[in-house]
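What follows is the residue order along each chain.
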Amino acid sequence: MMELQDHVEKWNKAARTFDWMNRGVERRYGGYKRTLFAKSRGKVMLVAAGTGLDFPLFPPDLDIVAIDFSPAMVERAKLKAAHYHGSLEVMEADVENLEFPDESFDTVATSCTFCSVPDPVRGLKEIHRVLKEDGQMLMFEHVRPGNFLLGAMMDVMTPIVRKAGPELNRPTAANIRRAGFRITREFNIYLDMVKLFEAAK
Amino acid sequence: MRPDTFVDMERGTAWFVRGVDYTSTLLAAGVTAGAVHFLIPSHWPAWVSMVLGMFLGMVVLLVVFMGFSLVAGPFGILMPGMTAAMAAGMVCGMTMTAQKASFVEALTVGALIGLGIAVSFHLYDRSLHGEVSRNGTRRSA
């Protein structure tokens with residue numbers, strides 16, 4: 001079992017090549033994410049912002065707090081935040097232990113986040129706590145496919161991939177519900193593996 | 001555009017990534033078949049050749065994946081590529097080596113396996129793509 005510090009170190013190392021490695025993801029899925037994040041309103045928290053690749057996908061003039069638990073990611077994200085037309089604060093924080101008061105945000109956005117959070121249900125419960133009663137959660141995530149064979153392939157790959165990257169077999173829809181959210185919309189982008197979720201309290 | 005409508009990729013991007021998906025799957029299967037032809041002796045037991053063929057498929061996939069996922073994202077490469085490379089390694093290892101098939105024959109079988117799997121994944125993806133209804137089934141694209 002990896003400790004939190006091991007996870008932080010892993011993503012610190014990944015920060016060096018993160019933009020380069022994710023060019024394909026942005027090319028392929030950027031349009032979907034832009035459409036999803038266009039729904040952001042009020043005070044927004046972007047969880048696991050990474051190096052800030054998603055900042056240009058948000059509409060201008062929002063009040064955004066972007067968090068990540070990797071100092072190396074935060075350092076790089078701060079450089080990109082300067083180009084956002086609106087308020088965008090980047091800070092080091094762990095989604096499993098947020099220091100924000102209850103009901104602080106109108107929108108929480110995630111982008112390939114809950115494949116990496118060590119305890120996803122705990123992280124989602126923290127989001128549930130800091131989200132306002134009428135708030136919304138917007139998620140772009142990859143999850144374990146429902147197909148038996150493809151799911152088994154992801155189960156086999158996960159122990160190898162997790163050493164340097166994310167988990168490939170997370171049951172994110174179930175985790176969202178377990179944390180107390182109601183899924184209001186689910187959209188399959190690639191197979192039933194890359195998805196958009198919209199959820200409410 | 002309605003604000004609650006998720007848009008597909010622009011046509012040019014969609015063609016590009018679909019082309020990358022097909023090319024990478026064909027390459028993974030074709031190169032695996034070629035590697036099996038050159039590296040696995042014909043007198044080895046079929047089951048050993050089959051397992052080694054699948055292993056070779058994984059090695060080939062790793063190289064193909066590293067290259068192509070950078071330009072079109074990982075998942076469209078990984079899933080069909082892994083299936084195609086393992087299938088090509090298994091089929092070519094089990095049957096082609098024992099029959100002393102030529103390199104061109106091995107490559108053709110590998111490429112056909114790759115094409116079949118790329119098309120299958122494409123169709124499967126289109127059948128799942130879109131809104132998911134509350135009971136987990138696809139509602140509309």
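Residues numbered from 1 in each chain as written. Chains lettered and ligands numbered in written order. Predicted model: local features only at pLDDT ≥ 70, side-chain atom pairs only at ≥ 80, totals over all residues.

Caption draft 1: The overall build of chain B, seen in detail. Of the regular secondary structure elements, chain B holds four helices and two strands. Going residue by residue from the N terminus, the α and β elements of chain B occur as α-α-α-α-β-β. Expressed as a percentage of the 141 residues in chain B, the buried residues total 46%. Excluding contacts between residues fewer than 6 apart, the proportion of contacts in chain B whose partners are at least 24 apart in sequence is 75%. (Helix = DSSP H or I, 4+ residues; strand = E, 2+ residues; numbered from the N terminus. Buried ≥ 20, exposed ≤ 12 C-beta atoms within 10 Å, placed from the backbone. Contact = placed C-beta atoms within 7 Å.)

Caption draft 2: The arrangement of the pairing of strand S2 (residues 63–68) of chain A in detail. Residues and elements named next belong to chain A. Within S2, five of the six residues are buried, leaving the element largely enclosed by the surrounding structure. When strand S1 (residues 43–47) meets S2, the two strands line up parallel, connected through five bridges. In the sheet register, Lys43 faces S2, and the bridge partner there is Asp63. For the crossover from S2 across helix H4 (residues 71–81) to strand S3 (residues 87–92), the handedness is right-handed. (Pairing = 2+ DSSP bridges. Right-handed = clockwise from strand over helix to strand, strands pointing away.)

Caption draft 3: Here's a closer look at the pairing of S3 of chain A. Note: S2 of chain A against S3 of chain A, six bridges, orientation parallel. Bridge pairing in S3 of chain A places Ile64 of chain A opposite Leu88 of chain A.

Caption draft 4: Representation of helix H4 (residues 103–128) of chain B. Over its 26 residues, H4 of chain B extends 37 Å from the first C-alpha to the last, a length consistent with the 38 Å expected when each residue adds 1.5 Å. The first or second residue beyond H4 of chain B is Gly130 of chain B, which carries a positive phi of 125°. (Expected span 1.5 Å × (residues − 1).)

Caption draft 5: Broad picture of the nonpolar core. Residues Ala66 of chain A together with Ala28, Ala29, Ala85 and Ala88 of chain B are the most contacted members of the largest nonpolar core, which totals 98 residues. At 14 residues, helix H3 (residues 75–96) of chain B tops the list of elements feeding residues into this core. Look past the residues within four positions of Ala88 of chain B in its chain and what remains in contact with it is Ala29, Thr32, Ala33, Gly57, Gly110, Ile113 and Gly114 of chain B. (Core = buried A, V, L, I, M, F, W, Y, C linked by C-beta atoms within 7 Å.)

Caption draft 6: Spatial organisation of the interface of chain A and chain B. Between chain A and chain B, the contact holds 24 residues from the first and 24 residues from the second. The set of elements that each furnish at least two residues to the side of chain A that touches chain B consists of helix H3 (23–37), helix H6 (148–161), strand S6 (182–190) and strand S7 (194–200) of chain A. Broken down by element, the side of chain A that touches chain B gets its largest block of residues, nine residues, from H3 of chain A. Pairing of S6 of chain A with strand S1 (residues 130–132) of chain B involves two bridges; the strand directions are antiparallel. Across the sheet, residue Asn188 of chain A finds its bridge partner in S1 of chain B, namely Gly130 of chain B.

Caption draft 7: Layout of helix H2 (residues 46–72) of chain B. Residues and elements named next belong to chain B. Here H2 is 27 residues long and its end C-alpha atoms lie 36 Å apart, about the 39 Å a rise of 1.5 Å per residue gives. Along its length, H2 reaches its greatest deviation from straightness, about 30°, at Phe65. Among the residues of H2, those classed as buried are Ser49, Met50, Gly53, Met54, Leu56, Gly57, Val60, Leu61, Val64, Phe68, Ser69 and Ala72. Once H2 finishes, Gly73 follows within two positions and takes phi at roughly 80°, a positive value. (Bend = angle between axes of the 7 residues up to and from the residue.)

Caption draft 8: Expanded view of the environment of Ile40 of chain B. Residue and element names in this part refer to chain B. Among the structural elements, Ile40 can be located in the loop between helix H1 (11–39) and H2. Classification of Ile40 as buried rests on a count of 21 C-beta atoms within 10 Å. Between the C-alpha atoms of Ile40 and Leu70, which are 30 residues apart in sequence, the distance is 31 Å.

Caption draft 9: The arrangement of the confidence of the model for chain A in detail. In the predicted model, chain A carries a mean pLDDT of 93, and the fraction of residues at 70 or more is 99%. Confidence scores differ between elements of chain A, with helix H1 (residues 4–15) of chain A showing the lowest mean pLDDT of 88 and S1 of chain A the highest of 97. (pLDDT = per-residue confidence, 0-100.)

Caption draft 10: Local environment of unusual backbone geometry. All names here are of chain A. The phi torsion at Ala48 lies on the positive side, around 55°, for a residue other than glycine. Summarising the element assignment, Ala48 is placed in the loop between S1 and S2. Judged by C-beta crowding, with 25 C-beta atoms within 10 Å, Ala48 ranks as buried. One non-glycine residue, Glu103, lies in positive phi territory at about 50°.

Caption draft 11: Representation of the packing of H3 of chain B against H4 of chain B. Residues and elements named next belong to chain B. Two numbers describe how H3 lies on H4: the axes approach to 9 Å, and their chain directions differ by 145°. As for how H3 packs across H4, the hand of that crossing is right-handed. Side by side, H3 and H4 meet where Met79, Pro80, Thr83, Ala84, Ala87, Ala88, Val91, Cys92 and Met96 of the first sit next to Glu105, Ala106, Val109, Gly110, Ile113, Gly114, Ile117, Ala118 and Phe121 of the second. Taken together, the residues that form the contact of H3 with H4 break down as 14 nonpolar, three polar and one charged. (Axes fitted to C-alpha atoms, helices over the stretch in contact; angles between N-to-C directions. Left-handed = near helix turned anticlockwise from the far one by under 90°. Nonpolar A, V, L, I, M, F, W, Y, C, P; charged D, E, K, R; others polar.)

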